[in-house]
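Here is how the chains run, residue by residue.
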Amino acid sequence: QVQLVESGGGLVQAGGSLRLSCAASGSIFKINNMGWYRRAPGKQRELVATITSGGSTNYVDSVKGRFTISRDNAKITVYLQMNSLKPEDTAVYYCAADIINYYNIVSDYWGQGTQVTVSS
């Protein structure tokens with residue numbers, strides 16, 4: 001079994017910062033892409049940022065220059081540093097990972113989500 005556990009969400013004022021973490025555990029041989037998604041109230045889930053195993057990153061336009069995704073392969077953890085937060089960043093944030101197990105099977109895994117609320 002594989003688990004992704006997020007932490008670091010909370011309530012912050014506009015202009016503030018938060019750092020989300022997502023730690024993977026279980027039967028993991030290798031992790032390919034990791035990413036962060038979010039779902040705001042009444043909206044569809046959207047991709048926020050992704051990072052490949054080699055460290056290449058991609059961001060949705062609305063967070064470019066404010067958010068930074070990174071990963072620590074030794075700790076099997078992905079991070080999302082969020083600066084200059086805006087009320088429109090309020091959402092439940094989910095981490096996701098493409099994980100290869102010891103049987104060479106690739107599967108997508110999701111965390112349980114962590115709430116980020118930005119007050120104006």
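Residues numbered from 1 in each chain as written. Predicted model: local features only at pLDDT ≥ 70, side-chain atom pairs only at ≥ 80, totals over all residues. Heavy atoms only, no water.

Student: Outline the packing of aromatic side chains, supporting the account with residue identities and numerical values.
Tutor: For the coordinates displayed, the defined rule picks out 2 aromatic pairs. Between Phe-29 and Tyr-102, the aromatic rings sit 5.9 Å apart at their centres with planes inclined by 65°, giving edge-to-face as the arrangement. Of this pair, Phe-29 sits in the loop between strand 3 (18-26) and strand 4 (30-39) while Tyr-102 sits in the loop between strand 9 (91-100) and strand 10 (106-110), and the two are 73 residues apart along the sequence. Take Phe-29 and Tyr-102: they sit in the same class, and that class is exposed. (Phe/Tyr/Trp six-rings, centres within 6.5 Å; stacked < 30°, edge-to-face > 60°. Helix = DSSP H or I, 4+ residues; strand = E, 2+ residues; numbered from the N terminus. Buried < 20%, exposed > 50% of the residue type's maximum accessible area, 1.4 Å probe, protein only.)

Student: So what's going on with the state of the cysteines? Which residues, and what values?
Tutor: If you walk through the whole model with that rule in mind, you get 1 disulfide. Between the sulfur atoms of Cys-22 and its disulfide mate Cys-95 the distance is 1.9 Å. Taking the torsion about the S-S bond as the criterion, the Cys-22 to Cys-95 disulfide, at about 40°, is right-handed. With Cys-22 in strand 3 and Cys-95 in strand 9, this residue pair connects regions lying 73 residues apart in the sequence. In this structure Cys-95 comes out as buried when scored by relative accessible area, which is 0%. (Disulfide = S-S within 2.5 Å.)

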